[in-house]
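# Observations on chain architecture
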Amino acid sequence: VSNGSDCAWLDNIILPGGIGQYEDVTVTISGETDQCETVSFQLTATPNGGNGNYSYNWTPGVLLSDSTISNPVAQITETTIFVVEVNDGTSTANAEIEITAHEIPETPVVETVGIELYSSSEEGNQWYRNDTIIDGATGQVHIPVHSGMFHVTVSNDYCTSEKSNVIDVVLGINDKDKEFVSIYPNPGTGKYNVSAGGRIIDKIIVVDITGKVVTQL
C-alpha cells in the first residue's frame, strides 16, 4: 500500500471466506461394523481439508484388496481394527474402525421321513420351494403341500448359511391326500372310479408300478 510519496508499507489482509488459508487434513471412515466371516465388504475413507492431493495407507493391508485407495474391499475371519492414514504432502490424519466378525451358520442337511422334511438345524431355518421363500416356514420340520424342489437355509442375527441339499418332492395319493383320494379298481384295465372326498380334481395321471403313464384324465 502506498501513500503516493514513494513510501509503502504492508498490513494484514483478510480474504473473504478464508480464501488462501490452509486447513489440516481430517478423515472419517464409513462401513458396516458387523460383517460375516469370509464375506467381502467395503470400507470408505472420506478426507477433508488439505490441498486435495490425498494419499492413503490402510492397515492391516493384507486383509484389503488395495491398501492405497480410499475405498478398499476387505475380508476378515475375526474381529479386526482397520486404520487409515491420509496425507496430502503437508499434513497427516488418521482414523480407525472396528469391524466385528460374525460366524456363518453351518450349511444344513435336509432328510426326509415320509413326506416330512427335516433340517439338521434346530433353529434359524427358512424353507424354500423352487428357490422361492415359503412364508412362515421357519421350523425344523416342514411338510410340503405342493410338489417342488425344496431346500432350507439357516440364519443368525447377522449371517445366512449356504443352502442345503435340494429335495425333489412329488405329492400324490400315496402321501398328502391318501386319506381323501382313492382310485379303484387297482389294478385296473382302463376304467377307474375316483373318489376325492369333496376335493376339486384338476388333473389325474395314472401310472403303473414302473412309473409308465397308463392314462391321463
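In what follows, the structure referred to is the one given above.
Scope of this entry: the structure provided in the associated data block. (Residues numbered from 1 in each chain as written. Predicted model: local features only at pLDDT ≥ 70, side-chain atom pairs only at ≥ 80, totals over all residues. Heavy atoms only, no water.)

Examined bridge by bridge, strand β2 (residues 34–36) and strand β8 (residues 92–102) share 3 bridges and lie parallel to one another. Residue Cys 36 lies in a different strand from β8, and its bridge partner there is His 102. The pairing of strand β7 (residues 80–87) with β8 spans 8 bridges and is antiparallel. Residue pairing in the sheet places Phe 82 in a bridge with Ile 97 of β8. Joining the antiparallel neighbours β7 and β8 is a turn of 4 residues, in which Gly 89 adopts a positive phi near 95°. (Pairing = 2+ DSSP bridges. Helix = DSSP H or I, 4+ residues; strand = E, 2+ residues; numbered from the N terminus.)

What follows concerns the sheet that holds β2. As summarised here, the arrangement of the 4 strands in space is β2-β8-β7-β5, forming an open sheet in which the pairing is mixed. The sheet is open, and its two borders are formed by β2 and β5 (55–59), each paired with just one other strand. Across the sheet, the mean angle separating the axes of adjacent strands is 30° when strand polarity is ignored. Alignment of β5 against β7, held across 5 bridges, turns out to be antiparallel. Bridging across to β7, Tyr 56 finds its partner in Val 86. (Axes fitted to C-alpha atoms, helices over the stretch in contact; angles between N-to-C directions.)

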